[in-house]
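Below are the chains, spelled out letter by letter.
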Amino acid sequence: MDEVTRQKATPNEVDRALAHLDPDAGRPSNVVDVRNLSLHFGAKTVISDVTIPFERGTITALIGPTGSGKSTFLRTLNRMNDRVVGFRHEGEVLLDDESIWSSSQDLLTLRRRVGMLFQRPNPFPMSIKDNVVAGVKAHGIAKGRELDVVAETRLREVGLWNAVKDRLNDSPYRLSGGQQQLLCLARALAVGPEVLLLDEPTSALDPLSTEAVENLLRTLVPALTLIVVTHNLGQARRISDRTMFFYEGRLVEHGPTPALFESPRDPDTARYVNGLMG
Amino acid sequence: MTVPSTPRSTTPVARAPRVTGARRHRREDRAWRIGGRLATILPVVGFAFVMIVLAVKAWPAFRVSGLGFITHSAWQPGNTYGGTQRVHGVLIPQGATYGAWPMLLGTLQTSAIALLVALPISIGTAFALTERLPKWLSAPLGFFVEILAGVPSVIIGLWGVLVLGPFLSRDVYPIVANHLPNVPVLRYFRGSVGYGEGLLTSGLVLGLMIVPVIASTTRDLFLQVPPLPKEGALALGMTDAEVARRVTIPWVRSGIIGATVLGLGRALGETIAVAMVSGSVLGTVAPNVYGTMTTIAATIVTQLDSAATDGTGFAVATLAEAGLVLAIISVVVNLLARTIVRRAGRMAAPVGRA
């Protein structure tokens, strides 16, 4: 009996200790929760009635043909569409149970928490180091000498440090496309986001750079939650835990990635993942 | 009526146009080559010609006045009806002495004020036109900015001397002059405000004249900044102002500097508007920013008539020398700007990228 009691007690203690260490303890398990979301540009409906939770610490791939609304959906999650003329939304997007459109939500803080990586590298016209710390400076997270530390940490994190450590003050535009994209990733990570939105992050990169970025993305979970729009079905299979298939503005099917690719329930999904529909 | 010129055709009529055609092409080719070379060297020849003529005309004045011309302040045509004297081998009217320091300083001061005023307004205007205003408003407003660039300077000068100057000296300058503390720099904004003709009014009028020059170029530059870096900055949680300061403006910084130099060139050389609002007072440096003064360009145009009455030609030579000084200032400013552009371009992306 004694032994049983101890065995029962120990996991509890470990749980409590872990819970104490885990910064996400006490937060909802779905970091982003989309409820009945419909998106419109003027009279055109781009997304209709999507309800889907995103579990903390996972990678979700959004796939679907061009024009299926997946990019618009992604860009809505950090309110990048708000200022597009004619944009309207119905429904809700909750970040840690709070609507991203609620009045208590500060837009700049929201974007710090929900970062973004774009379909092509977009370094700013400043030195490599200044690029990494641009967001950190803007949010006042660090200053002075601390910025050097931030820059080195983040560049090491994306595996770029050795390549650029001797030219931190040079222009970023002389780096290769893949290196530029890693730089942009370092810049996005530097402000400490909780969610990272990736809009076809490797579509402009060669296969080797793509592999480097993909491997890196796998190391970011479970600390971060990643939502990746991709046209590359192989990429979706390689890196994502769950996959969502969008078609003509509807979320047709979603589920664990292997299941969705190997036994899709919907005929449109089946045609798309088998390459019969682009 | 064209004749078919297929190779299979054997009639002389058919062959003839082909030969002339080829010959014509050769002639055209050569005309292009020669014309191209001429066009290439024309700016160089034109510039050299102007500078040489100015230097030749100014030579007698330079021999008399030496480098003192740009450090002295007296502007005395002398007695053009009386006797003459010979200085360093040049015949000049008795008592004639010329120093261009006040007008040289005035040229730099008015242009500096114009730039300080025009640059922020221009960038703000360009920013509003490209990023803030809806298209139905920005298109016509942009058109008006360009129209403003085409308003003849004599009209702006007239408005400056009849409307702006009196208004400022009555309703604005006194408030500024009476409330600023007696500390360095701000000291120059105190004291007598005059009647609206002077240094500050000239600078403001010049500023207004170069705003459209800088603003319309800067607007075109902003339109070339690709959206992706700007979106990247927004997505990072930057405010619009931060995006402008850290991404949009740096992206086209060298272009903005170029536009500014264009504006500065116009400010340095602007003649008639300044002649109308500066007070055209020779030989003294304005005691404060409201004081009357003149610039090199304004002096040349206002003094040319009376200079022609100097039988020795010394007065005209002096104006040529003043013109040479102005031309040299413009060249130096351009070279400086080029150096800055080269430095600023180090981080800049090729336009259109990303």
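Undergrad: Residues and numbers for the overall build of chain A, please.
TA: Scanning chain A from N- to C-terminus turns up eleven helices and ten strands. What you see for chain A is a C-alpha radius of gyration of 20 Å, in line with the 19 Å of a compact globule of 278 residues. Within chain A, the fraction of its 278 residues that count as buried is 52%. Contacts in chain A between residues far apart in sequence, at least 24 positions, make up 67% of those at least 6 positions apart. When the accessible surface of chain A is summed, it comes to about 12,900 Å², and 50% of that surface belongs to carbon and sulfur atoms. The centroid of the 33 positive side-chain charges in chain A is displaced by 5 Å from the centroid of its 35 negative side-chain charges.

Undergrad: Quick one: what's the story with the overall build of chain B, residue by residue and with numbers?
TA: A count of helical and extended segments in chain B gives eleven helices and four strands. Against the compact-globule benchmark of 20 Å for 354 residues, chain B has a radius of gyration of 27 Å, which places it well outside the compact range. In terms of overall dimensions, chain B has a C-alpha envelope of 90 × 65 × 40 Å along the principal axes. Within chain B, the proportion of its 354 residues that are buried is 40%. Averaging the coordinates of the 29 positive side-chain charges in chain B and doing the same for the 14 negative ones gives two points 14 Å apart.

Undergrad: A description of the environment of Arg27 of chain A should follow, citing residues and the corresponding values.
TA: All names here are of chain A. As for its position among the elements, Arg27 is in the loop between helix H1 (2-21) and strand E1 (30-41). Take Arg27: its relative accessible area is 35%, and that puts it in the partly exposed class. Remark: the alpha-carbon pair of Arg27 and Arg56, spanning 29 residues in sequence, is separated by 9.5 Å. Contact partners of Arg27, with chain neighbours within four places excluded, come to Arg56, Asp96 and Glu194.

Undergrad: Can you break down unusual backbone geometry residue by residue, with the values?
TA: Residues and elements named next belong to chain A. The omega angle of the peptide bond from Val221 to Pro222 is 5 degrees, so this bond is cis rather than trans. For Pro222, the position within the fold is in the loop between helix H8 (207-220) and strand E8 (225-229). With a phi angle near 70 degrees, Asp97 is a residue other than glycine that sits in the positive phi range. Mapped onto the elements, Asp97 comes out in the loop between strand E4 (87-95) and strand E5 (98-99). In the Ramachandran plot, Glu200 falls in the positive-phi region, its phi being about 45 degrees despite a non-glycine side chain. Tracing the chain through its elements places Glu200 in the loop between strand E7 (195-199) and H8.

Undergrad: Outline the interface of chain A and chain B, supporting the account with residue identities and numerical values.
TA: Between chain A and chain B, the residue contacts involve 33 residues of the former and 24 residues of the latter. Summing both partners gives a buried area of about 2,300 Å² for chain A against chain B, and 61% of it is carried by carbon and sulfur. The three residues of chain A that bury the most area against chain B are Phe124, Pro125 and Tyr173 of chain A, which together make up 26% of that side's buried surface. Taken together, the links from chain A to chain B amount to two salt bridges. If you look at where chain A meets chain B, you find four residue pairs in polar contact (both at pLDDT 80 or more). At the level of elements, helix H3 (107-113), strand E6 (114-117), helix H4 (128-138) and helix H7 (177-190) of chain A are the ones that each hand at least two residues to the side of chain A that touches chain B.

Undergrad: Lay out the domain arrangement of chain B with the relevant residues and their values.
TA: Residues and elements named next belong to chain B. Split into domains, chain B comes out as domain 1 (12-67) and domain 2 (98-344). The centre of domain 1, based on its C-alpha atoms, is set 34 Å off from the matching centre of domain 2. For the domain 1 and domain 2 pair, buried surface summed over both sides reaches about 830 Å², with 79% attributable to carbon and sulfur atoms. Considering only the side of domain 1, the residues that lose the most area to domain 2 are Met51, Leu54 and Ala61, jointly responsible for 45% of the buried surface there.

Undergrad: Report on a nonpolar patch on the surface, specifying residues and quantitative values.
TA: Residues and elements named next belong to chain B. A surface patch of nonpolar side chains, about 520 Å² in accessible area, is lined by Leu148, Leu158, Trp159, Leu162, Val163 and Leu208. Of the residues forming the nonpolar patch, the biggest block, four residues, is contributed by helix H4 (residues 153-179). Tracing the chain through its elements places Trp159 in helix H4.

Undergrad: Tell me what's going on with the packing of aromatic side chains, and back it up with residues and numbers.
TA: The description of an aromatic ring pair rests on the distance of the ring centres and on the angle between the ring planes. Within the structure shown, the criterion is met by twelve aromatic pairs over all chains. An angle of 45 degrees between the planes, with centres 5.2 Å apart, marks the rings of Phe73 of chain A and Phe246 of chain A as tilted. With Phe73 of chain A in helix H2 (residues 70-76) and Phe246 of chain A in strand E9 (residues 242-247), the pair connects residues that are 173 residues apart, well separated along the chain. You'll find Phe73 of chain A and Phe246 of chain A in the same group, each marked buried. Their ring planes at 25 degrees and their centres at 6.0 Å tell us that Trp59 of chain B and Phe62 of chain B sit as a pair that is stacked. One end of the pair, Trp59 of chain B, and the other, Phe62 of chain B, are both in helix H1 (residues 12-65), three residues apart, so they sit about a helical turn from each other.

Undergrad: Tell me about the pattern of salt bridges, and please be specific about residues and values.
TA: Residues and elements named next belong to chain A. In total, this model carries 23 salt bridges over all chains according to the counting rule given. Between Asp96 and Arg113 there is a salt bridge; the shortest N-O distance is 3.1 Å. In this pair, Asp96 sits in the loop between E4 and E5 while Arg113 sits in helix H3, placing the two residues 17 residues apart along the sequence. Exposure remark for Asp96: the relative accessible area of 17% places this residue in the buried category.

Undergrad: Talk me through the sheet that holds E4 of chain A; I want residue IDs and the actual numbers.
TA: All names here are of chain A. One open sheet accounts for four strands, arranged E2-E1-E4-E5; its pairing is antiparallel. Two strands close off the open sheet at either side, each with one partner strand: strand E2 (44-55) and E5. Relative to E2, E1 is paired through eight bridges, and the arrangement is antiparallel. Residue pairing across strands places Leu37 opposite Val50, the latter belonging to E2.

Undergrad: An account of helix H2 (residues 101-132) of chain B is needed here, citing residue identities and associated values.
TA: Turn by turn, an α-helix covers 3.6 residues, leaving residues three or four places apart pointing in a common direction. Across its 32 residues, H2 of chain B extends 45 Å between first and last C-alpha, which sits within 8% of the 46 Å expected from 1.5 Å per residue. Along its length, H2 of chain B reaches its greatest deviation from straightness, about 30 degrees, at Ala118 of chain B, and the proline Pro120 of chain B lies no more than four positions downstream.

Undergrad: Describe in detail the confidence of the model for chain A, supporting the description with residues and values.
TA: Overall, the predicted model of chain A reaches an average pLDDT of 90, with 94% of residues at or above 70. For the stretch residues 1-6 of chain A, pLDDT sits under 50, and the model shows zero contacts to residues farther than four places along the chain or on other chains.

The rules we used
- Residues numbered from 1 in each chain as written.
- Chains lettered and ligands numbered in written order.
- Predicted model: local features only at pLDDT ≥ 70, side-chain atom pairs only at ≥ 80, totals over all residues.
- Heavy atoms only, no water.
- Helix = DSSP H or I, 4+ residues; strand = E, 2+ residues; numbered from the N terminus.
- Rg over C-alpha atoms; globule rule 2.2 N^0.38 Å.
- Buried < 20%, exposed > 50% of the residue type's maximum accessible area, 1.4 Å probe, protein only.
- Contact = heavy atoms within 4.5 Å.
- Areas by Shrake-Rupley, 256 points an atom, 1.4 Å probe, with all protein chains shown as cover.
- Lys, Arg positive; Asp, Glu negative; His and termini not counted.
- Charge placed at Lys NZ, Arg CZ, Asp CG, Glu CD.
- Buried area = accessible area lost by both parts, 1.4 Å probe.
- Salt bridge = Lys/Arg side-chain N within 4 Å of Asp/Glu carboxyl O.
- Polar contact = N/O pair within 3.5 Å; in protein donor to acceptor, adjacent residues only side chain to side chain.
- Domains from an automatic or database assignment.
- Patch = residues over 30% accessible without salt bridge, like charges linked within 9 Å, V, L, I, M, F, W, Y side chains within 5 Å.
- Phe/Tyr/Trp six-rings, centres within 6.5 Å; stacked < 30°, edge-to-face > 60°.
- Pairing = 2+ DSSP bridges.
- Expected span 1.5 Å × (residues − 1).
- Bend = angle between axes of the 7 residues up to and from the residue.
- pLDDT = per-residue confidence, 0-100.

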